[in-house]
Protein chains: 2
Amino acid sequence: MAGIADVARAAGVSKATASRALTGAGYVSEATRTRVQHAAKELGYVPTTSAVSLVTGRTQTIGVVVPNLDRWFFAQVLGGVQEALLERRYDLALYSAPPESDARREMFTHFLARKRFDGVIAVGIEPTAHELERLVDFGKPVVSVGGYDAGTSAVSIDDHAAARIATEHLLGLGHREITFLGGDPDGRQMSFGDARRLAGYWAAMEAAGARGGGRHIPSEVTMPGGYGAAVELLGDRLTRPTALVAVCDEVAVGAIIAARRLGIRVPEHLSVVGIDDHEYADMFSLTTLQQKPDQQGRTAVRLLMAQLEDPATPGSHTYEPSPLIMRNSTAALDDATSAIVTIGR
Amino acid sequence: MAGIADVARAAGVSKATASRALTGAGYVSEATRTRVQHAAKELGYVPTTSAVSLVTGRTQTIGVVVPNLDRWFFAQVLGGVQEALLERRYDLALYSAPPESDARREMFTHFLARKRFDGVIAVGIEPTAHELERLVDFGKPVVSVGGYDAGTSAVSIDDHAAARIATEHLLGLGHREITFLGGDPDGRQMSFGDARRLAGYWAAMEAAGARGGGRHIPSEVTMPGGYGAAVELLGDRLTRPTALVAVCDEVAVGAIIAARRLGIRVPEHLSVVGIDDHEYADMFSLTTLQQKPDQQGRTAVRLLMAQLEDPATPGSHTYEPSPLIMRNSTAALDDATSAIVTIGR
DNA sequence: TTGAAAGCGATACCAC
DNA sequence: GTGGTATCGCTTTCAA
């Protein structure tokens with residue numbers, strides 16, 4: 001529990017000098033600096049953060065807001081943010097709460113007001129008007145990841161393009177009956193990014209004049225959600241599409257499992273494309289558009305730090321790449337597939 | 001940015017009285033109390049945490065240490081902890097870093113020293129001797145979840161019993177060739193809980209005189225890990241067991257997927273039991289031993305709060321229940337199964 | 001029941 | 001370069 005006063009005494013200098021020597025701000029002779037540092041180490045001195053915060057106004061803490069922890073994307077982003085923050089010796093205050101929940105409201109009304117952090121990273125969140133307002137008059141830098149871009153800095157993939165490319169890949173293989181799988185049942189709760197994906201899908205379908213073959217089947221955005229929806233969708237041979245664009249890999253994998261159980265072979269009888277490159281993608285040979293959420297987390301931290309150092313830094317939306325990873329879940333719509341589908345009709 | 005001085009002025013009282021009225025400590029007349037509270041609300045007053053911490057010594061923050069974020073168990077625990085903390089208006093400082101990593105070392109040497117939190121919840125962690133030492137001389141209460149019980153308070157299921165029950169279930173169905181699937185390849189890194197499960201499995205096998213039919217196949221403790229290991233294990237018809245106890249549901253599900261791909265029917269040709277009751281368990285009809293990590297997280301918070309209120313509270317290990325959930329991934333070893341296995345031999 | 005004043009542990013300004 | 005000192009915003013004796 002040694003304080004800076006102890007360090008100063010041990011080094012035979014004043015508190016002021018000790019502080020300067022330790023923080024590196026201001027002039028200190030090389031000799032005293034080393035002497036003070038030595039004393040500090042000797043005594044195991046660690047500055048009391050609350051005291052530092054009180055006087056400097058900086059907390060060395062970043063607040064991170066996530067809707068939940070059990071979806072791959074969020075967990076990955078959080079991991080990346082954590083790493084990047086750790087490197088910079090920043091603490092991470094976690095606030096996870098689903099949109100529209102009491103906990104979420106509580107968070108916004110209570111915690112954000114506590115000016116406890118120097119900045120906020122909001123993951124996959126489309127804030128409500130009220131939340132947005134609070135975030136803004138919070139007066140500290142905000143960076144959003146994979147979500148709504150509220151005029152603040154943001155980082156995400158180009159969701160619209162990703163889904164478009166996925167769809168075009170399928171169209172290029174000759175598919176016309178392509179269903180978009182996943183996204184919240186009652187559209188309202190569909191996350192911002194997911195909605196953009198759906199839009200990208202429709203854009204591609206329309207551009208190819210295949211609007212008629214398109215359909216959106218909602219589902220919870222989880223593997224079981226994708227599984228359940230796919231069982232229903234694929235169970236009916238009459239209306240079954242020849243290809244699927246899934247809102248994300250978790251849903252895609254659920255669909256593949258459903259297809260297998262129904263005796264529908266992927267990719268021979270059904271092509272599936274996902275978005276994410278989830279850790280499960282490989283074991284299902286899933287063709288997908290890759291994104292690296294942990295990288296996005298790191299980028300978000302970088303953006304935030306830039307604004308912290310120079311508040312004048314303009315907000316910017318960084319789009320991370322999302323390349324197509326070809327595996328083995330898609331195939332050309334050949335005669336065999338057509339035949340099978342036709343027979344069903 | 002209203003401070004308590006502003007509130008006091010607005011209410012026509014001194015800072016001292018305002019503080020008492022707001023914190024609820026000390027005598028204040030009912031009249032002034034409401035007047036102060038009103039003024040505070042009016043001005044949108046929020047106490048500056050660093051100032052409060054500086055004088056009270058309490059940070060209203062709990063540090064949570066997890067090995068990583070993308071395993072179901074950890075994410076669930078973290079979610080439960082977050083909720084319970086939020087209710088109590090505590091902040092959650094997240095420290096996730098894999099054991100033996102630089103980040104992990106950094107965490108322990110640097111962050112824990114920052115006396116930034118009132119207590120620590122360590123999830124699924126078997127601290128090294130050095131880490132343990134730091135955690136202890138950190139001098140603040142520590143509660144561990146699902147991991148090593150360092151004489152501090154702890155909460156977990158009875159891993160040994162869970163695996164034993166799972167194994168006995170299989171033995172009761174007539175199986176003798178039962179393999180334990182999962183756990184780190186080179187035993188050393190096997191988590192404390194996982195090691196206990198393996199021990200419980202062996203205990204049951206031995207008690208049934210079936211030691212000879214037992215085997216431990218290591219694998220990464222993930223779905224792809226279980227998948228990969230199961231493909232190898234089940235691919236060889238000569239040595240294939242008739243039943244599997246998986247270290248957790250993720251591994252169990254990976255094994256089921258592998259079995260299906262190999263044309264091995266579950267449960268007709270292969271019985272599988274998991275541990276967890278993961279959100280995927282249902283869609284695979286997985287029989288498993290249920291645990292509720294989020295509850296464990298909540299319990300951990302309760303234990304911690306008790307110690308915070310009264311440091312004399314003795315540490316205690318709370319065991320949460322882990323009931324057997326019967327679904328449809330296990331079946332009696334009947335003639336059919338035996339026949340199939342025999343043919344293979 | 002209330003108010004004045006003394007810290008909590010650091011930083012930062014201003015003389016020296 | 002270095003040392004006194006005011007200060008950050010609040011809680012908490014101690015008197016009144």
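As a reminder, the structure under discussion sits directly above these lines.
Remember, predicted model here, so these are calculated numbers, not experimental data.

S.K.: Residue-level account of the packing of helix α5 (residues 72-87) of chain B against helix α12 (residues 293-309) of chain B, with values.
M.R.: Residue and element names in this part refer to chain B. Packing of α5 against α12 leaves a shortest axis separation of 7 Å and a crossing angle of 45°. As the angle between them shows, α5 and α12 are arranged oblique. Crossing of α5 over α12 shows right-handed handedness. On α12, the residues that touch Trp-72, Phe-73, Gln-76, Val-77, Gly-80, Val-81, Glu-83, Ala-84, Leu-85 and Glu-87 of α5 are Pro-293, Asp-294, Gln-296, Gly-297, Arg-298, Val-301 and Met-305. Residues belonging to the contact of α5 with α12 are distributed by class as follows: 9 nonpolar, 4 polar and 4 charged.

S.K.: Quick rundown of the protein's contact with DNA strand C? Include the residues and the values.
M.R.: As a structural note, the neighbourhood of DNA strand C is formed by 26 residues, with Ile-4 and Ser-19 of chain A together with Thr-17, Arg-20 and Ser-29 of chain B the closest of them. Of everything in DNA strand C that lies within 4 Å of the protein, sugar and phosphate atoms constitute 62%. Between DNA strand C and Thr-17 of chain B there is a distance of 2.8 Å, counted from a phosphate oxygen to a side-chain nitrogen or oxygen. Those elements giving two or more residues to the surface near DNA strand C turn out to be α2 (15-23) and α4 (49-56) of chain A together with α2 (15-23) and α4 (49-56) of chain B. Examining the composition of the surface near DNA strand C, we find that 5 residues originate from one element, α4 of chain A, more than from any other. A breakdown of the residues in the surface near DNA strand C according to their chemical character gives 15 nonpolar, 9 polar and 2 charged.

S.K.: Any chance you could break down the relation of the copies chain B and chain A for me, citing the residues and the numbers?
M.R.: Rotating chain B by 180° about the axis while translating it 0.1 Å along that axis superimposes it on chain A, leaving an RMSD of 0.2 Å. Such a turn and shift between the copies fits a two-fold axis. The fraction of interface residues of chain B whose copies in chain A are also interface residues reaches 100%, indicating that both copies meet through the same surface.

S.K.: I'd like a description of the packing of aromatic side chains, backed by residues and values.
M.R.: Residues and elements named next belong to chain A. Within this structure, the stated rule accounts for 9 aromatic pairs over all chains. Both rings, one in Phe-73 and one in Phe-74, keep their centres 5.7 Å apart while their planes meet at 75°; by these two values the pair is edge-to-face. Of the two residues examined, Phe-73 and Phe-74, each falls in the buried class. In textbook terms, an aromatic cluster arises when at least three aromatic residues are bridged by ring pairs, as seen for Phe-180, Tyr-201 and Trp-202. Arg-211 extends its terminal NZ or CZ atom over the ring of Trp-202, reaching a point 4.8 Å from the ring centre.

S.K.: Give me the interface of chain B and chain A: which residues, what numbers.
M.R.: The partner chain A presents 47 residues to the 47 residues of chain B that form the contact. Across the chain B/chain A interface, buried area totals approximately 4600 Å², and carbon plus sulfur atoms make up 57% of it. Inspection of the region where chain B meets chain A yields 2 salt bridges. As a salt-bridge pair, Arg-116 of chain B and Asp-91 of chain A come within 2.6 Å of each other at their nearest N and O atoms. Broken down by secondary-structure element, the contributors of at least two residues to the side of chain B that touches chain A are α4, α5, β2 (91-96), α6 (102-111), α10 (223-235) and α11 (249-261) of chain B. Of the residues belonging to the side of chain B that touches chain A, the class tally is 24 nonpolar, 13 polar and 10 charged.

S.K.: Describe the protein's contact with DNA strand D, with residues and values.
M.R.: Around DNA strand D sit 24 residues, and of these Thr-17, Arg-20 and Ser-29 of chain A together with Ile-4 and Ser-19 of chain B come closest. Backbone atoms, meaning sugar and phosphate, form 61% of the atoms of DNA strand D found within 4 Å of the protein. Between DNA strand D and Ser-19 of chain B, the relevant distance is 2.8 Å, taken from a phosphate oxygen to a side-chain nitrogen or oxygen of the residue. One of the side-chain N or O atoms of Thr-48 of chain B is found 3.4 Å from a sugar or linking oxygen in DNA strand D.

S.K.: Just give me the short version of the nonpolar core, but keep the residues and values in it.
M.R.: Core analysis: the largest hydrophobic core is formed by 96 residues, its most contacted members being Ile-257 and Phe-284 of chain A together with Ile-257 and Phe-284 of chain B. If near-sequence neighbours (up to four positions away) are discounted, Ile-257 of chain B is found in contact with Ile-257, Arg-260, Met-283 and Phe-284 of chain A together with Met-223, Tyr-227 and Phe-284 of chain B.

S.K.: Hey, could you go over a nonpolar patch on the surface for me, with residue numbers and the actual values?
M.R.: A contiguous nonpolar patch, built from Ile-165, Leu-324 and Met-326 of chain B and spanning about 240 Å² of accessible area, is present on the exposed surface. Among the structural elements, Met-326 of chain B can be located in the loop between β12 (324-325) and α13 (335-344).

S.K.: Describe unusual backbone geometry, naming the residues involved and giving the relevant values.
M.R.: Look at the link from Val-266 of chain A to Pro-267 of chain A: it is a cis peptide, with omega at 10°. Structurally, Pro-267 of chain A can be placed in the loop between α11 (249-261) and β9 (271-276). With a phi close to 145°, Asp-276 of chain B is a non-glycine residue in the positive phi region. If you trace the backbone, Asp-276 of chain B turns up in strand β9 (residues 271-276).

What counts as what
Residues numbered from 1 in each chain as written. Chains lettered and ligands numbered in written order. Predicted model: local features only at pLDDT ≥ 70, side-chain atom pairs only at ≥ 80, totals over all residues. Heavy atoms only, no water. Axes fitted to C-alpha atoms, helices over the stretch in contact; angles between N-to-C directions. Helix = DSSP H or I, 4+ residues; strand = E, 2+ residues; numbered from the N terminus. Parallel < 35°, antiparallel > 145°, perpendicular 65-115°, else oblique. Left-handed = near helix turned anticlockwise from the far one by under 90°. Contact = heavy atoms within 4.5 Å. Nonpolar A, V, L, I, M, F, W, Y, C, P; charged D, E, K, R; others polar. Near = heavy atom within 4 Å. Polar contact = N/O pair within 3.5 Å; in protein donor to acceptor, adjacent residues only side chain to side chain. Least-squares fit on C-alpha atoms with pLDDT ≥ 70 in both. Phe/Tyr/Trp six-rings, centres within 6.5 Å; stacked < 30°, edge-to-face > 60°. Buried < 20%, exposed > 50% of the residue type's maximum accessible area, 1.4 Å probe, protein only. Lys NZ or Arg CZ within 6 Å of the ring centre and 35° of its normal. Buried area = accessible area lost by both parts, 1.4 Å probe. Salt bridge = Lys/Arg side-chain N within 4 Å of Asp/Glu carboxyl O. Core = buried A, V, L, I, M, F, W, Y, C linked by side-chain atoms within 4.5 Å. Patch = residues over 30% accessible without salt bridge, like charges linked within 9 Å, V, L, I, M, F, W, Y side chains within 5 Å. Areas by Shrake-Rupley, 256 points an atom, 1.4 Å probe, with all protein chains shown as cover.

Just geometry here; none of it tells us what the structure is for.
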